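These are the residues of each chain, in order.
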Amino acid sequence: MRISRNNKGFTLVELMITIAVAVILVTVAIPSFRELIARNDLVTVTNAWVSAINTARAEAVKLNQPVVLCGEDKVPTSGLGAGCDTSVAGEVRYLPRDGGSEEALYEAVVDSVSSPLAVASSATVRFRGDGIGYPGDNLGSPYDTPNGGDPAVVVLCSSAFSTDNARSVQLIAGSTVQVATQTLASCP
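Because the structure is a prediction, the values reported are computed rather than measured.

What counts as what
- Residues numbered from 1 in each chain as written.
- Predicted model: local features only at pLDDT ≥ 70, side-chain atom pairs only at ≥ 80, totals over all residues.
- Heavy atoms only, no water.
- Helix = DSSP H or I, 4+ residues; strand = E, 2+ residues; numbered from the N terminus.
- Buried < 20%, exposed > 50% of the residue type's maximum accessible area, 1.4 Å probe, protein only.
- Phe/Tyr/Trp six-rings, centres within 6.5 Å; stacked < 30°, edge-to-face > 60°.
- Lys NZ or Arg CZ within 6 Å of the ring centre and 35° of its normal.
- Disulfide = S-S within 2.5 Å.
- Pairing = 2+ DSSP bridges.
- Axes fitted to C-alpha atoms, helices over the stretch in contact; angles between N-to-C directions.
- Contact = heavy atoms within 4.5 Å.

K.L.:
How should the side chain of Ser122 be read in this particular structure?
P.N.:
Residue position: Ser122 is located in strand β4 (residues 117-122). For Ser122, a relative accessible area of 7% corresponds to the buried category.

K.L.:
What should I look at first to understand the packing of aromatic side chains in this one?
P.N.:
Ring pairs (aromatic) are described by centroid distance and by the angle formed between their planes. For the structure shown, the criterion picks out zero aromatic pairs. Lying over the aromatic face of Phe161, Arg39 brings its terminal NZ or CZ to 3.8 Å of the ring centre.

K.L.:
Hey, could you run me through the state of the cysteines in this one?
P.N.:
Each disulfide consists of a covalent bond between the sulfur atoms of two cysteine residues. Following the criterion strictly, the structure yields two disulfides and no others. Through a disulfide, Cys70 is tied to Cys84; the S-S separation comes to 2.0 Å. One disulfide, between Cys70 and Cys84, carries an S-S torsion of -50° and so falls in the left-handed class. Of the two residues, Cys70 sits in the loop between β1 (67-69) and β2 (92-94) while Cys84 sits in the loop between β1 and β2, which places them 14 residues apart along the sequence. Cys84 gets classed as buried once you look at its relative accessible area, which sits at 2%.

K.L.:
Before we go on, may I ask you to explain unusual backbone geometry in this structure?
P.N.:
What you tend to see is this: most non-glycine residues have negative phi, and most peptide bonds are trans. Of the consecutive residues Ser115 and Pro116, the connecting peptide bond is found in the cis state with omega at 10°. By the element assignment, Pro116 lies in the loop between β3 (103-106) and β4. Unusually for a residue other than glycine, Asn64 sits at a positive phi of about 55°. Its location among the elements puts Asn64 in the loop between α1 (12-63) and β1. A positive phi angle, near 50°, is found at Asp164, a position not held by glycine. Within the secondary structure layout, Asp164 lies in the loop between β7 (154-158) and β8 (166-172). Since its relative accessible area comes to 39%, Asp164 is described here as partly exposed.

K.L.:
Help me understand the sheet that holds β3, please; the structure alone is not making it clear to me.
P.N.:
Picture the strands of a sheet paired through backbone hydrogen bonds; they go either parallel or antiparallel. Strand order in the open sheet formed by five strands is β3-β2-β1-β5-β6, with antiparallel pairing between adjacent strands. The open sheet has two free edges, formed respectively by β3 and β6 (133-135), since each of these has just one partner strand. Within the sheet, the average angular offset between the axes of one strand and its neighbour, ignoring direction, is 30°. Bridge analysis of β1 against strand β5 (residues 125-127) gives three bridges, and the strand direction is antiparallel. Following the sheet pairing, Val68 is matched in β5 by Arg126. Strands β1, β2, β3 and β5 of the sheet are contacted by α1, whose axis makes an angle of about 170° with β1.

Dropping the structure here:
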């Protein structure tokens, strides 16, 4: 009499080979996945700054009065935006027509920045009712990063990777937003 066995399942050798292949795949994939997440965070926060700039410009036109995008440079020293500093960088503010203190229209973007992402620098931009941005108190010439020598509105960097680790958000001729990729040797 012959007894037949139904082989249901895996042998120990097959199971060990499957586990070894899975460990190799996970070991290779995790660093790439971490870099992907870090790059995604850099792009997301960069887009939040671009949105803050566009909100400031649009609100200035809509309200037909000055609106400020706060930077960490503590400019202007008086009036609208005088309270801007590192803790509220990226916040959009205006003064109500009926008086009172500044009101925030857009929360500070700097609150969404966390390690390994950092703000290398940011500047205060004042938008007039015509939608043109000016550097802080200087209302003589529009904000112009590449041609006028003004600094980038914000430079964001990530210490998670060594090349193409920074995004520079620039304002051209006081109204056009441009994002440039660059490599920073050190990220604060």
